[in-house]
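# Overview (structure and organization)
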Amino acid sequence: MDLAALAPRIAVPLLVVDGDQDVIPGVTNGEHLARLAPHGTYLSVPHGDHLLGNARPDWLPHLSDHLTHTLTGTPA
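The following refers to the structure shown. (Residues numbered from 1 in each chain as written. Predicted model: local features only at pLDDT ≥ 70, side-chain atom pairs only at ≥ 80, totals over all residues. Heavy atoms only, no water.)

### Points about the side chain of His 66
Structurally, His 66 is set in helix H2 (residues 56-72). Of the residues examined, His 66 reaches a relative accessible area of 16% and is grouped as buried. The contact partners of His 66, leaving out residues within four places of it in the chain, are Pro 13, Leu 14, Leu 15 and Thr 41. (Helix = DSSP H or I, 4+ residues; strand = E, 2+ residues; numbered from the N terminus. Buried < 20%, exposed > 50% of the residue type's maximum accessible area, 1.4 Å probe, protein only. Contact = heavy atoms within 4.5 Å.)

### Focus on H2
Given a rise of 1.5 Å per residue, 17 residues ought to cover 24 Å, and the 24 Å separating the end C-alpha atoms of H2 matches this to within 8%. The positive-phi residue at the C-terminal boundary of H2 is Gly 73, with phi of around 75 degrees. (Expected span 1.5 Å × (residues − 1).)

### Points about the pattern of salt bridges
What the rule picks out here adds up to 1 salt bridge. Across the pair Glu 31 and Arg 35 runs a salt bridge whose closest N-O atoms are separated by 3.9 Å. Of this pair, Glu 31 and Arg 35 both sit in helix H1 (residues 31-36), 4 residues apart, roughly one helical turn. The partly exposed category is assigned to Glu 31, whose relative accessible area is 36%. (Salt bridge = Lys/Arg side-chain N within 4 Å of Asp/Glu carboxyl O.)

Rendered as structure tokens:
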């Protein structure tokens, strides 16, 4: 699914998280989507697998910080 055309319309803060070990032939990572979204942020977890199940401690704190800053309006 290619969301590139819709990304500029994503008005809310967007955190895109990828695991670098989740390699699917013909599929690119989410960095491009995050770059196209007006409030997009990209996080790559080098040792993360599919759905990042093997790396939760390495990305969940970033997610909670992102949510906190988004909901409170405070800078990261």
